[in-house]
Amino acid sequence: MFRTALRNVLAHKARLLMTVLAVMLGVAFVSGTLVFTDTLGKALSGQSAKSYDGVAVSVTSYGTVRDENGKKQGEPGISQQTLDRIGKLNGVDSVSGRVSGFAGVGDENGKLIGSGWANRGANYAPVKDGKDPRYTFTDGTGPVKDDQIALDRATAATGRYKVGDKVRVATNGPVKEYTLSGVFTTEDGQVNAGGSLVLFDTKVAQTLYLQPGFYSELAVAAKPGASPDTLLSEIKPLLDAKTTKAQTGAALAKEQAKSIEREMGSMSTMLLAFALISLFVGIFLIYNTFTMLVAQRTKELALLRAVGAERGQVMRSVLSEAVVVGLVSAVTGLLAGVGLAVGMRSLMDSLGAKIPAGDLVVAPATVVWALVIGVVVTTLSALLPAWRTGRIPPVAAMGSAHLPATAKSLVVRNVFGVLLALLGIGLVFTGVSMGGDGREVLGGGAFFLLLGLIVLLPLLSRPVIAAIRPLLRRVFGVPGKLAAQNAVRNPRRTAVTAASLTIGLTLVTTLSVLGITMGKAVDRMSSDKIKADYKVSMADGGGGLDKSVIDALAKAPGVKGVSPQTAGFLRIGSDFRAASGVDPASIGDMLNIDVVAGSLDSLAKGEVAVAEPTAKKNGLAVGSVVQAEFDDGSPARLKVGAVYKELDGLLSPYVLDDKILRAHSEEPYIPEVYVNTGGESQKAEQAVVDALGKNPAIRVATQQDMRNEMGGIVNLALNIMYGLLGMALIISVLGVVNTLAMSVFERTQEIGMLRAIGLDRGRVKNMIRLEAVVISLFGAVLGVVVGVFLAWALGTTFSKVVPGYELVLPYGRLGIFLLLAAVVGVLAAMWPARSAARLNMLTAIKTE
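Keep in mind the model is a prediction, meaning the values are calculated, not measured.

## A closer look at the overall build of the protein chain
Then, number 1: For the protein chain, the count of helices and strands is 26 helices and 26 strands.
Then, number 2: Taking all 848 residues of the protein chain together, the buried fraction comes to 50%.
Then, number 3: A sequence separation of at least 24 residues applies to 81% of the contacts in the protein chain between residues at least 6 apart.
Then, number 4: A total of about 38,900 Å² of accessible surface is found on the protein chain, and carbon and sulfur atoms cover 60% of it.

In structure tokens form, the structure reads like this:
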């Protein structure tokens with residue numbers, strides 16, 4: 001029977017081609033993900049370990065911390081005195097103090113080089129040999145003077161800087177000009193991620209990022225023969241345990257490796273989720289293929305039964321075919337996955353995200369998973385068709401009956417589908433009623449709803465396709481009528497073919513509707529709540545601006561108002577509450593603040609404005625007094641002067657005069673500054689840019705830029721999701737091609753008869769194309785409808801946390817999805833339609 005199975009695979013290899021491709025693509029996605037993440041993880045771990053070569057003990061400072069009473073304790077970093085004491089210990093060869101922060105370098109046009117979030121500045125810390133072991137200089141030397149810097153090779157090349165050139169460098173304050181003393185290479189991960197690295201003299205870096213005489217980290221090198229563990233035990237008593245952490249270099253490298261492994265695990269999980277969606281879609285293609293093969297070989301299988309083969313033998317024969325197909329698909333998928341991983345690595349390099357050098361990692365587990373997934377998915381998909389072969393009676397060899405499904409089996413299927421769909425809908429509405437806490441329940445409901453819909457597709461296909469049959473007949477004539485009849489001739493086959501498109505379009509539609517709705521909500525929040533002409537912030541997206549920026553903007557020509565958004569906190573009772581510092585005179589012109597009670601003018605009197613939810617929760621009203629404590633520990637007796645409707649993401653629950661908040665903060669954090677110029681214009685924007693010294697590290701955003709910030713993130717996320725779901729849609733297309741091709745083979749005699757009674761080749765092609773379009777649109781329409789429903793349900797759970805949330809149906813994009821589904825049908829029908837049209841009329845009529 002195994003030889004028979006092998007012979008059947010070889011005999012029907014053309015019909016099994018699409019099945020092999022579908023499983024191969026799914027396995028390639030899985031194995032490619034595993035190979036890529038394993039390779040990337042090993043390369044990053046190796047890079048991380050290399051950065052700790054020669055480090056016996058690493059000491060990290062947390063800076064000042066607060067005790068249980070909110071008082072600051074400890075020093076801002078590790079002092080020079082502590083470094084000197086550690087350097088005198090027996091067994092210590094050298095101690096290198098390190099300090100770092102944000103630094104941006106502009107190119108010849110003043111544009112920031114590198115990714116803002118990955119642009120860093122650090123100190124050049126030579127040890128006994130006069131070199132810093134972290135960097136290898138290819139030209140010049142490290143900075144030794146206040147006005148010198150060194151740049152990584154990629155940044156120097158991008159900016160076309162050479163040793164001796166003047167380079168403008170920006171931190172969070174005014175731009176300063178330095179002389180380039182050297183160019184170096186480094187294994188720094190952020191540089192490899194597309195960022196830049198500027199090295200300063202240690203004193204300059206300490207002044208910029210911490211305080212003179214303090215470091216954020218120490219790297220201790222041991223003398224030959226000295227034990228890192230012994231050194232660690234000697235160093236710990238010299239440190240403040242509350243504000244510092246000391247560990248061996250080996251332990252730190254191991255900790256970093258585990259962290260990288262977790263990050264790679266998260267990436268792998270996300271990619272594998274989409275790979276499993278592709279494999280799930282492929283199940284329908286495989287099921288359809290084996291169902292049609294079994295139907296076409298009814299006579300052959302019945303003959304095997306007639307000559308003595310038992311039911312189990314026939315069933316195992318079909319399953320053996322599935323195993324062979326699965327093995328071939330798994331092996332080719334594994335090879336394709338390795339190629340995919342290599343391609344992804346090259347793509348990241350071309351996009352500027354340099355991956356550290358390292359060998360390609362094809363772990364044994366990856367090979368095992370590829371083989372198991374390929375064989376198991378194919379075998380499980382073929383299980384039901386194989387079981388049906390055992391029901392073929394030997395008498396079927398006398399004719400060519402295909403044993404259609406009984407009415408009883410269809411009734412059972414429909415009842416089961418209705419129950420699943422009702423369960424899914426019930427869980428979805430339960431999740432909606434639970435709000436933000438019900439998303440997991442909603443996800444379960446979506447799964448059961450989709451499952452129920454797939455089971456019910458044969459039942460739904462007849463009325464849906466029947467509704468468009470008159471249109472097809474009027475527009476396309478006989479081919480249209482025949483296409484509609486063929487599409488519902490075998491509802492199960494139509495349903496299984498359409499199911500893959502339904503799943504893909506459901507996911508794509510849900511993501512699109514939800515993403516666009518979220519983007520519109522944020523856009524409305526920006527346009528409705530922000531009145532300022534410009535927002536000034538750091539290009540790295542998270543750094544704070546220097547307070548000198550406020551004065552520079554206030555003096556700029558044409559600027560009518562400036563309001564910083566200083567972020568701080570107040571200690572109220574035992575809790576710390578976020579507070580915003582604003583300019584009382586201009587904040588009303590910057591943000592559209594809906595004041596419920598009192599007036600924002602009270603901020604100028606030293607009073608506080610409180611968000612309405614916070615006021616209700618704490619029983620506050622205009623005139624109430626809030627007993628609080630500032631960042632520096634000073635007591636505050638703040639009178640409530642206004643209550644306003646909450647502006648989530650724009651203002652903290654407590655709002656004060658910026659001057660008061662900054663006066664009580666040692667290092668005020670100013671994430672953004674709003675500017676009014678009486679209207680946007682190129683001249684006004686240039687005046688703001690010039691006031692900042694054309695600082696490449698500071699971003700000046702117009703109102704449209706502010707709206708695009710979140711819109712860009714949403715669009716990027718949607719495009720990534722579309723790309724990841726693309727594999728599932730490709731497999732869906734293969735499913736349509738496969739079903740039509742095998743259907744043409746199955747209907748050879750019928751097509752020959754149609755040709756004989758006058759249906760020419762062109763109309764035969766149209767019939768096959770229209771059949772494909774009908775099936776594709778049937779699946780797509782259901783997918784879009786269910787996707788919109790799920791997007792509404794999921795979006796409702798976000799409505800309370802996203803201000804201005806209101807469901808938006810992107811009719812244009814949904815229309816494009818349906819149009820693309822129709823195009824998919826046309827493209828999928830090209831080969832089957834051509835094959836049908838080329839059939840020899842007489843030969844086709846004689847075919848059994």
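## A short note on the side chain of glutamine 148
Then, number 1: Here glutamine 148 lies in strand E10 (residues 148-152).
Then, number 2: Overall, glutamine 148 belongs to the buried group, its relative accessible area being 17%.
Then, number 3: For glutamine 148, the side chain forms a polar contact with the main-chain nitrogen of valine 144, separated by 3.0 Å.
Then, number 4: Every residue in contact with glutamine 148, bar those within four places of it in the chain, is listed here: Gly142, Pro143, Tyr178, Thr179, Ser181, Leu199, Phe200 and Asp201.

## Some thoughts on the sheet that holds strand E5 (residues 92-98)
Then, number 1: Spatially, E5-E15-E1-E16 is the arrangement adopted by the four strands of the open sheet, whose pairing is antiparallel. The open sheet has two free edges, formed respectively by E5 and strand E16 (244-248), since each of these has just one partner strand. Sheet twist, expressed as the average angle between the axes of neighbouring strands with direction ignored, equals 15°.
Then, number 2: The pairing of strand E1 (residues 57-61) with E16 spans five bridges and is antiparallel.

## Side note on helix H22 (residues 748-756)
Then, number 1: When we look at burial in H22, the residues that qualify are Thr748, Ile751, Gly752, Leu754 and Arg755. Down the axis of H22, the smallest arc covering the buried residues is 160°, so these residues share one side.
Then, number 2: The positive-phi residue at the C-terminal boundary of H22 is glycine 758, with phi of around 120°.

## Some details on unusual backbone geometry
Then, number 1: Despite not being glycine, arginine 160 has its phi angle at roughly 55°, a positive value.
Then, number 2: In this structure, arginine 160 sits in the loop between helix H4 (153-159) and strand E11 (166-170).

## Things to note about the packing of helix H14 (residues 478-489) against helix H23 (residues 761-798)
Then, number 1: Relative orientation of the contacting elements H14 and H23 amounts to 45°, with a least axis distance of 8 Å. Classified by the angle their axes make, H14 and H23 are oblique. Considering how the two elements wind past one another, H14 and H23 form a crossing that is right-handed. In this structure, H14 uses Pro479, Gly480, Leu482, Ala483, Asn486 and Ala487 to contact H23, whose residues at the interface are Arg763, Asn766, Met767, Leu770, Glu771, Val774 and Ile775.
Then, number 2: Tallied by class, residues from the contact of H14 with H23 come to eight nonpolar, three polar and two charged.

## What to know about H14
Then, number 1: With 12 residues, H14 ought to run about 16 Å at 1.5 Å a step, and its terminal C-alpha atoms sit 16 Å apart, in line with that.
Then, number 2: For H14, every residue scored as buried is listed here: Pro479, Gly480, Leu482, Ala483, Ala484, Asn486, Ala487 and Val488.

## Some thoughts on the packing of aromatic side chains
Then, number 1: If you walk through the whole model with that rule in mind, you get 10 aromatic pairs.
Then, number 2: Each ring, one from phenylalanine 447 and one from phenylalanine 448, has its centre 5.5 Å from the other, and the planes form 70°; the classification is edge-to-face.
Then, number 3: Residue class for phenylalanine 447 comes out partly exposed when judged on its relative accessible area of 48%.
Then, number 4: Taken together, the ring pairs in this structure connect Tyr124, Tyr135, Phe137 and Phe184 into an aromatic cluster.
Then, number 5: Of note, arginine 439 hangs over the ring of phenylalanine 798, and the distance from its end group to the ring centre comes to 3.8 Å.

## Quick notes on the environment of glycine 515
Then, number 1: On the secondary structure map, glycine 515 appears in helix H15 (residues 491-529).
Then, number 2: For the pair glycine 515 and alanine 717, spaced 202 residues apart in sequence, the C-alpha to C-alpha distance is 8.3 Å.

## Things to note about the confidence of the model for the protein chain
Then, number 1: In this model, the protein chain carries a mean pLDDT of 81, and residues with pLDDT of at least 70 account for 86%.
Then, number 2: Counting interchain partners and residues more than four positions distant, the pLDDT-below-50 stretch residues 400-404 has seven contacts.

## Here we look at empty space enclosed by the protein
The gaps left among the atoms become clear once a water-sized probe is rolled over them.
Then, number 1: Counting across every chain of the model gives two cavities of 30 Å³ or more.
Then, number 2: Looking at the largest cavity, its volume works out to about 40 Å³.
Then, number 3: As for the largest cavity, its lining consists of Phe284, Leu285, Asn288, Val496, Thr497, Ser500, Gly735 and Thr739.
Then, number 4: Going through the elements one at a time, helix H8 (249-296), H15 and helix H21 (703-746) are the ones with two or more residues in the lining of the largest cavity.

Criteria and cut-off values
- Residues numbered from 1 in each chain as written.
- Predicted model: local features only at pLDDT ≥ 70, side-chain atom pairs only at ≥ 80, totals over all residues.
- Heavy atoms only, no water.
- Helix = DSSP H or I, 4+ residues; strand = E, 2+ residues; numbered from the N terminus.
- Buried < 20%, exposed > 50% of the residue type's maximum accessible area, 1.4 Å probe, protein only.
- Contact = heavy atoms within 4.5 Å.
- Areas by Shrake-Rupley, 256 points an atom, 1.4 Å probe, with all protein chains shown as cover.
- Polar contact = N/O pair within 3.5 Å; in protein donor to acceptor, adjacent residues only side chain to side chain.
- Pairing = 2+ DSSP bridges.
- Axes fitted to C-alpha atoms, helices over the stretch in contact; angles between N-to-C directions.
- Arc of directions from axis to C-beta.
- Parallel < 35°, antiparallel > 145°, perpendicular 65-115°, else oblique.
- Left-handed = near helix turned anticlockwise from the far one by under 90°.
- Nonpolar A, V, L, I, M, F, W, Y, C, P; charged D, E, K, R; others polar.
- Expected span 1.5 Å × (residues − 1).
- Phe/Tyr/Trp six-rings, centres within 6.5 Å; stacked < 30°, edge-to-face > 60°.
- Lys NZ or Arg CZ within 6 Å of the ring centre and 35° of its normal.
- pLDDT = per-residue confidence, 0-100.
- 1 Å grid on protein atoms, 1.4 Å probe; cavity = no way out; pocket = protein on both sides within 12 Å on 5 of 7 lines; lining within 4 Å.
- Points joined across faces, edges and corners; volume = space filled by probe spheres on them.

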